[in-house]
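Each chain, written out:
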Amino acid sequence: MAIFGFAAGLPYALLLGTLYAWLSDAEVDLETMGVFSLIGLAYAFKFLWSPALDRLDVPILRKLGKRKQWIVTAQLMLGAILVVLSMLDPVSSLGWFSLLAGIGAFASATQDVVIDAWRVDVADEVATIDMLSTVYQMGYRIAALVGGALALFLAERTDWPTVYLTMGGIMLFVGFCGLWAPDAEVSNLTEAEAADEHGLRKAGQIHPRIRAWALGVVGVLWGWALITVGVFMVRSLGSDPETRPDSVEFISTMGPLVVIATVVIPSLIAAWLVRQERSGKHLLAEDLPAESSAGRLLDHGYRALVLPLTDFVGRLGWALIIILGLVLTYRITDSIWGSFAYPFYLGELEYTKDEVAVASKFFGVGALMIGLAVGGYMLTTLGRMLTLTLGGVLAAATNLLYADLARGGDIVQAVSNNTGFTWLVANLGGDDRLAKLMMAIAGENIAVGIAGAAFVAYLSSIVAKGYSAVQYALLSSLTLLVGTLGRGALGQMIEEQGYFTVFLLTTAMGGVAVILCVIEWIRISRQGRESGVDQTALEGA
């Protein structure tokens, strides 16, 4: 489990973090980096193909086990991709570079899905699921340090091709070790269970013909959105910078349409299905088990894409509008500019890779852990919604720390000096300038930790137990959607107006989430009063 946790964390760190330090050193422009970061959509939408991983086998490798065949395949593919990336120039071969990185992100997201399932399958009375989850997190965090801090240290002393060749070798070794990992076979369903695995074909359920229509429309909309974003990415990365599509124009025109296609219209379809079910229309009069693999595939797709939304609409009604708005905006302040962190530290502020590794990875990870611990304490003492709202305020406000750094960092430096932090860093071998960066990173990471703890608790509170995995994956994907789509436009804005203006904008974006937090807080409080339940008890439920 520790090895698999490491294998899950390493490609994520290398493809969605450290790679931007390489692109920054190669002097790739920020707009291109923003478009390049769209490969992160593979992690956001991994729930779309996760059902297929339970049904399909890898030729020849099936004998390794139901889960291991996909895990080992993904790890070997990732190792090979990292090795090939080390042989490419990110400037002259940007098209191939981005294509391989995108395939790598897809393989990494697939590996995450199967490792999560493997952890559940192999857990027993000795290696409990809690123990395995803890060990997984340890491996993942170690990989974040290896793919972040160690990679930066190594790049400072060698070069980026050497770094990615080394990391590729590590992934290939991990894939080789995975051949000896235990694997628990997924229990085989009886013929009757296989014909209606999800209970969607019993009397009183929506007729399969109507479900097929709903799934077809939602599938087409999701497919259109992904193809639209993919075409934009290919055109942007494969074109001359002078002739590439305008990122700001794309996000302002197509961005809202993507959100409408993936969120709004599917929610309206779900609302219509709930209404039909409650009015007794288009329902099965008797059980109708699936008679073909196509029928079972329909059930899997419907459960993955449509059923979570129908459950949300049925339980939450119009409140779903507020909830989706909050989910789409709450983490935007840190998600939208995260891809530009290394260009900001290394290019704009001109810190060395060693300094960034110490401040961002070692010290930054510690600050994030403190933030998570503080967030957990606040949840137990202040309640979920107050913590969520305060987390949103802090996450937005700490963008002003970076705005100050972009203007010289006089305010951050004064705070560092007056609190004795500069003295502490100096006595540990640093200087005033490093202390300033560490202070800003600490402020943001503690705020993100508090907001993250509160947001996970909030998402966990609104999902249904029967659909918790699928609904949580869906909401987590929507959390990344707006920030990921906006990175190309944000990169162009940085090029044209500078970092200071952008950090003011991201702070204002965070204000939208805070307003929605307050509205949701009022809704939950009112719901508690109407049901006669104390709000504190309601939040702790």
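Data block above holds the structure.
So, here's what we can say about the structure. (Residues numbered from 1 in each chain as written. Predicted model: local features only at pLDDT ≥ 70, side-chain atom pairs only at ≥ 80, totals over all residues. Heavy atoms only, no water.)

Focus on the overall build of the chain
Counting its secondary structure elements, the chain contains 25 helices and 0 strands. The C-alpha atoms of the chain give a radius of gyration of 24 Å, which matches the 24 Å a tight globule of 541 residues would have. Considered along the principal axes of its C-alpha atoms, the chain spans approximately 75 × 60 × 55 Å. Counting across all 541 residues of the chain, residues that qualify as buried make up 52%. The long-range share in the chain, meaning contacts at least 24 apart out of those at least 6 apart in sequence, stands at 81%. (Helix = DSSP H or I, 4+ residues; strand = E, 2+ residues; numbered from the N terminus. Rg over C-alpha atoms; globule rule 2.2 N^0.38 Å. Buried < 20%, exposed > 50% of the residue type's maximum accessible area, 1.4 Å probe, protein only. Contact = heavy atoms within 4.5 Å.)

A few points about unusual backbone geometry
In this structure, Glu-27 is a non-glycine residue whose phi angle is positive, near 65°. As for its placement among the helices and strands, Glu-27 is situated in the loop between helix H1 (2-25) and helix H2 (30-36). A relative accessible area of 71% means that Glu-27 is categorised as exposed. We note that His-282 has phi near 55°; this positive angle belongs to a residue other than glycine. With respect to the helices and strands, His-282 occurs in the loop between helix H10 (247-278) and helix H11 (293-305).

Some remarks on a nonpolar patch on the surface
Where nonpolar side chains cluster on the molecular surface, the patch consists of Trp-224, Leu-257, Ile-260, Val-264, Ile-265 and Leu-268 and spans about 490 Å² of accessible area. Sorting elements by how many residues they give to the nonpolar patch places H10 first, with 5 residues. Positionally, Leu-268 belongs in helix H10. Since its relative accessible area comes to 57%, Leu-268 is described here as exposed. (Patch = residues over 30% accessible without salt bridge, like charges linked within 9 Å, V, L, I, M, F, W, Y side chains within 5 Å. Areas by Shrake-Rupley, 256 points an atom, 1.4 Å probe, with all protein chains shown as cover. Salt bridge = Lys/Arg side-chain N within 4 Å of Asp/Glu carboxyl O.)

Section: the side chain of Ser-24
Position of Ser-24 relative to the elements: it lies in helix H1. Residue classification places Ser-24 among the buried positions, given a relative accessible area of 14%. Setting aside residues up to four positions removed in sequence, Ser-24 forms contacts with Met-33, Tyr-342, Pro-343, Leu-346 and Gly-347.

Quick look at a negative patch on the surface
Among the surface-exposed residues, Asp-246, Glu-249, Glu-495 and Glu-496 lie close enough to one another that they form a single negatively charged patch. The topology assignment puts Glu-495 in helix H23 (residues 487-497). Assessed through its relative accessible area of 44%, Glu-495 is described here as partly exposed. (Lys, Arg positive; Asp, Glu negative; His and termini not counted. Charge placed at Lys NZ, Arg CZ, Asp CG, Glu CD.)

Section: the side chain of Asp-334
Mapped onto the secondary structure, Asp-334 falls in helix H14 (residues 332-335). The class for Asp-334 is buried, based on a relative accessible area of 18%. In this structure the side chain of Asp-334 is engaged in a polar contact, spanning 3.1 Å, whose partner is the side chain of Arg-331. Setting aside chain neighbours within four positions, we find Asp-334 in contact with Glu-444 and Val-448. (Polar contact = N/O pair within 3.5 Å; in protein donor to acceptor, adjacent residues only side chain to side chain.)

Quick word on empty space enclosed by the protein
With the rule as written, the count across this model stands at 3 cavities of 30 Å³ or more. Each pocket or cavity is described by its volume, and for the largest cavity that value is around 60 Å³. Lining the largest cavity we find Val-218, Trp-222, Thr-262, Val-263, Pro-266, Ser-267, Leu-305, Leu-309, Leu-324, Leu-474 and Leu-478. Contributing elements (two or more residues each) for the lining of the largest cavity: helix H9 (208-238), H10 and helix H22 (468-485). (1 Å grid on protein atoms, 1.4 Å probe; cavity = no way out; pocket = protein on both sides within 12 Å on 5 of 7 lines; lining within 4 Å. Points joined across faces, edges and corners; volume = space filled by probe spheres on them.)

Considering the layout of surface pockets
Taken as a whole, the second largest pocket spans an internal volume of roughly 470 Å³. As for the second largest pocket, its lining consists of 21 residues, and the residues nearest its centre are Leu-38, Ile-39, Gly-102, Gly-230 and Met-233. Elements with a contribution of two residues or more to the lining of the second largest pocket: helix H3 (41-44), helix H5 (94-122) and H9. In the lining of the second largest pocket, the residues fall into 16 nonpolar, 5 polar and no charged. (Nonpolar A, V, L, I, M, F, W, Y, C, P; charged D, E, K, R; others polar.)

Observations regarding the packing of aromatic side chains
Applying the stated criterion to the full structure yields 22 aromatic pairs. Arranged with centres 6.1 Å apart and planes meeting at 25°, the rings of Phe-153 and Phe-362 form a pair that is stacked. Taken as a pair, Phe-153 in helix H6 (residues 129-157) and Phe-362 in helix H16 (residues 353-382) lie far apart in primary sequence, 209 residues in all. You can call Phe-153 partly exposed: its relative accessible area is 22%. Their ring planes at 45° and their centres at 5.7 Å tell us that Phe-363 and Phe-421 sit as a pair that is tilted. Remark: Phe-421 occurs in helix H20 (residues 421-427) and Phe-363 occurs in helix H16; sequence separation between them is 58 residues. Members of the aromatic cluster, connected to one another through ring pairs, are Tyr-20, Trp-22, Phe-36, Phe-97, Trp-160 and Tyr-164. The positively charged end of Arg-211 is found above the aromatic ring belonging to Tyr-302, 5.1 Å away from the centroid. (Phe/Tyr/Trp six-rings, centres within 6.5 Å; stacked < 30°, edge-to-face > 60°. Lys NZ or Arg CZ within 6 Å of the ring centre and 35° of its normal.)

Digging into the pattern of salt bridges
Within the structure shown, the criterion is met by 8 salt bridges. Ionic pairing is found between Asp-354 and Arg-157, a salt bridge with its closest N-O pair at 2.9 Å. Placement of Asp-354 in helix H16 and of Arg-157 in helix H6 is noted, with a sequence separation of 197 residues between them. You can call Arg-157 exposed: its relative accessible area is 55%. Its salt-bridge partner being Arg-315, residue Asp-311 comes within 2.9 Å of it at the nearest N-O pair. Here Asp-311 pairs with Arg-315, and both are found in helix H12 (residues 307-316), just 4 residues apart, close to one helical turn. Asp-311 sits in the buried class, given a relative accessible area of 16%. The structure contains a network of salt bridges with shared partners spanning Arg-201, Arg-211 and Asp-299.

What about H23?
The buried fraction of H23 amounts to 8 of the 11 residues, a majority that puts the element mostly inside the structure. For H23, every residue scored as buried is listed here: Arg-487, Gly-488, Ala-489, Leu-490, Gly-491, Gln-492, Met-493 and Ile-494. Immediately beyond the C-terminal end of H23, within one or two residues, lies Gly-498, with a positive phi of roughly 95°.

Shape is all these values report; function is a separate question.
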